[in-house]
Structure formats: structure tokens, C-alpha cells
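# Architecture at a glance
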Amino acid sequence: MLKGKSVAATTLGCKVNQAETDSMLDMLSAAGADIVDFEEKADIYIVNTCSVTNIADKKSRQMLHRAKKRNPESIVIAAGCYVQSAKELLEQDESVDIVISNNKKKDITDIVNDYINVRKNEGGDAPADGEKKEYFVDISKETEYEEMGGHVPVGHTRAYVKIQDGCNQFCSYCIIPYVRGRIRSRSEEAVIAEVTELAESGIKEVVLTGIHISSYGKDKNNEGALIDLIDAISKIKGIKRIRLGSLEPGIITEDFVRRVSANKKVCPHFHLSLQSGCNTILKRMNRKYTREQYFEKCEMLREAYDAPALTTDVIVGFPGETDEEFEETVQYLTKLNLYEMHIFKYSPRKGTVAAAMKDQVSPEVKNKRSDVLLELAERGKKAYEAKYEDAELEVLVEEVLHREDGTYLRGHTERYMDILIKAGDISMPESFVNSFVYVRYTQNGDILMV
């Protein structure tokens, strides 16, 4: 029934959402649909929504309305996290034909075929009951991982492999546990099957991703913890690099560090979520560690690796953050000396504990504090990369860029340093994509292969 139908999709939010969108498009393509760009006129539009902030909610609505405006006769599907938080609103939205919650995306083909069949039988009108047929589950009660199968990315050398869904942390600023549900781990067999398929297709680097990958296996009585999965993946022929998504500090134990550092396929690049360098704010955020414990975890990794790339996220302007508390964070981050810091200005999210807290920080103060940390982050990044001045680095080439000032190969080192390599007189630069090359690194940008 989908043969000859054109399908377009867009993704808001995280890499987990993107992986799920790719899987949905794979399933629809296998059923006969033609995949087109979201900016084109299509028969079916999928908007995989995000609800991490109020702004994400607004963008999700805008994309749904944009799709219906582009083709008023199209079937517009709202999927994902915003669906979980705004079911009633979307049911009343005339731009939306189908509502699909998390843990129902795996049924996308049957859902679309069902809708087309009902519409056809009704002569082009809405479903027989006169209302939008919904495909919605109470995500808080879901206990099984939504298996959507593997997806081989087209034209990429790095693949994101989803291994887990849900979160049990309930940080005071975060809506994710409410829209993604409790932790649900993917089976090791399914992960291995996907990574094996990726390796056979030529993928050399996989990134393990999920909503809270540090909790992998904990819903199965710790059977097959994250480190066990990493070791199993490392045995797959053809996979040269394993990169980890965001980790919680608590997973960094002596045993974990010992085992992960012994696995030479794991990239020495660890993103440890911090959010604040002030203990009183961490407590208000309902984070499960202190800044002292976080520092200890970083030191454990630095003892096990030669200059590991440690990166983090920091929120400025959390409710009640005083000048003194912010200064604590500045001093702490200076001491911590990380490679990269992603700085976010706190945005109230309706439905969270933090949104109802007193002493909300003004936008002007948030902007000033953000600027301070952005400058600190830039200095830290330059200082870290300066350590590799004139060093020989291995780069996995991901793409060719043709710019006004010349042609470049672009890729990343195992420490996730973003490298632009001057192609110069290299003939057929595209032939280097998905290959490892060695370069002589320099911060002035004049990077050449050696």
C-alpha cells in the first residue's frame, strides 16, 4: 500500500531521536515508500518531536504545521517525546493526522498502512470513527525495549547505535523520565547483530548512544552491564573504534576504568555529565554526586589514559543560582580543566520541579554567566589541543569539503579532535573517505597528511 508513496521526515532533539527516525524511514522504504527531503512535497510527513525544553515543544509544533502547509493533502505524523507530554493538544491540532508515542515507532509501517486503508474506504475523509486514531502508550508502564532493528547510515563512516532507552534519575530540571519512561536495555544479541551488519557495510566507528547508557543492564539485574557490552562489540571484525555517549559519573569505578582502558578499541574520549560545579546547586538539581566525587572520577580516567579527552555539559542560571554559587562553578571548572564544555542557559520546562522553584534567574544574568563560561571553555579547548602541536595523529576521514579556499578532508581523531586536512594536489580526495590517515597536527590550521 506504500508503494509509490513519498515519505519525508525531520528530527528534533537528540541523536537517539535521529537513530529512531532513520529506523522508521528504513522500515517504510522496505515497504515500498520513496524517501524524499523534508523540504519537498510529500505524501507522508513524519516529525520526530522533542520536548526537552519549552522551545523544543514550540519547534515541534512549527514543523508539524509547516508539513501540512506544504501539502494539505498529506498525512502528517507526530511521533516521539512531545507526543508524550502534549497528547491532548496534538489530538486537537488540525495539522496532525496520526499521533505515535514512544515505544510505538516500531509499528510505523502498520500504522501508516492502517490509516491509508481507512482513509481510502472513507473516500478520502478522516478515520471511520470521525476522530484521529491514536497509537499511544503510557510510557511510564513500559518495561520492554522498543526494538526497531539496525540501520546502516548512507554516506557516513561513524554510526550511532542505540543500546538503551529511558531514565530513572528524575533530575529536577528534566522532563525526560516522563516522556521516555523508565530504563529499558536493548538485548546484547540485537546490538551485536546491528554492529556486525554495520561492520560488514564498511563502518569503522560506532558510537553507543541512549537516553542514559550508564544504566545499561540495570533493568535486567545487572546482567550484561555496559562494560560487558563494550567488550563484546570490540570482538567484531572491522570495528576499529568504539566511542561512548554521555556517561554519568557514577559509572566510573576502578573496575570500569581498568576494563575500559584495557580495551584498545575504546576511544579515550569520555563525556561525563556535570551540570554545575557547586554542590548546593547539584543538590537542588537532584544530581546524584558531589563536585568532589566528580573530580575524583576525572582523575581516575587521567591516571589510566594519557591525556584523555574529557568533556561535559554545564547549565548556567539554574533557579536560585547566586553570584557566589556561580563563582564556585567558575573556579571549579578552571581547576577541572576539561577539553570541551557545552554551556546551556537554564530554560524552565513546564512539568518539572525546577520550573516551579523560586528565584528564577533573569535572562540578562544568564547571558552574562554563559559568556563567562563560553570564554573559559574556549581557552580550555585551545590549551588541550596545543598539547598535540606537531604531533602525528590518526584521523578517520568522514567527508570531503570543497570551499572557496580549497578542498579539505574532514575527520576526527580518537580523542574527537575535529581535523581539517588540506587536500592540496591530492587526486580523487573522495577515495580517502572512510579511511584512516595520519597528519602532522598544527593549531594554525595548516594540517597535511604525512
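Notes on the structure follow. Keep in mind that this is a model prediction, so the values were computed, not measured.

## Quick look at the pattern of salt bridges
Pairs may arise between side chains of opposite charge once their charged atoms sit close together. For the structure shown, the criterion picks out 39 salt bridges. Here R70 and E39 are joined by a salt bridge, their closest N and O atoms 3.0 Å apart. Residue R70 is found in helix α2 (residues 54–70), and its partner E39 is found in the loop between β2 (34–35) and β3 (44–49); the two are separated by 31 residues along the sequence. Note that K381 is salt-bridged to E385, the shortest N-O span being 3.3 Å. With a gap of four residues between them, K381 and E385 both fall in helix α13 (residues 363–386), about one helical turn apart. We classify K381 as partly exposed; its relative accessible area is 23%. Among the charged side chains, a salt-bridge network with shared partners connects E20, K105, K162, D165, R180 and R184.

## Details of the environment of E414
With respect to the secondary-structure elements, E414 resides in the loop between β15 (406–412) and β16 (418–422). Residue E414 is classed as partly exposed on the basis of its relative accessible area, which comes to 32%. Remark: the alpha-carbon pair of E414 and V395, spanning 19 residues in sequence, is separated by 7.4 Å. With residues near it in sequence (within four places) discarded, E414 still touches R241, R243, C267, P268, H269 and E394. Of note is the side chain of E414, whose polar atom sits 3.0 Å from the side chain of R415.

## Structural notes on α13
A rise of 1.5 Å per residue sets the reference length of α13, with its 24 residues, at 34 Å; its end C-alpha atoms lie 34 Å apart and thus fit the reference within 8%. Contact partners of the buried residues in α13: β12 (309–316), α12 (323–336) and β13 (340–345).

## Some remarks on the packing of aromatic side chains
Tallied over the entire structure, the rule returns eight aromatic pairs. Ring centres of F38 and Y45 lie 5.4 Å apart, and the angle between their planes is 80°; this geometry places the pair in the edge-to-face category. Summarising the burial analysis for this pair, F38 and Y45 share the class buried. Arranged with centres 4.5 Å apart and planes meeting at 35°, the rings of Y339 and Y384 form a pair that is tilted. Here Y384 lies in helix α13 and Y339 lies in the loop between α12 and β13, a separation of 45 residues in the sequence. By relative accessible area, Y384 is classed as buried at 5%. One aromatic cluster is present, formed by Y173, F318 and Y346 through successive ring pairs.

What counts, and at which threshold
Residues numbered from 1 in each chain as written. Predicted model: local features only at pLDDT ≥ 70, side-chain atom pairs only at ≥ 80, totals over all residues. Heavy atoms only, no water. Salt bridge = Lys/Arg side-chain N within 4 Å of Asp/Glu carboxyl O. Helix = DSSP H or I, 4+ residues; strand = E, 2+ residues; numbered from the N terminus. Buried < 20%, exposed > 50% of the residue type's maximum accessible area, 1.4 Å probe, protein only. Contact = heavy atoms within 4.5 Å. Polar contact = N/O pair within 3.5 Å; in protein donor to acceptor, adjacent residues only side chain to side chain. Expected span 1.5 Å × (residues − 1). Phe/Tyr/Trp six-rings, centres within 6.5 Å; stacked < 30°, edge-to-face > 60°.

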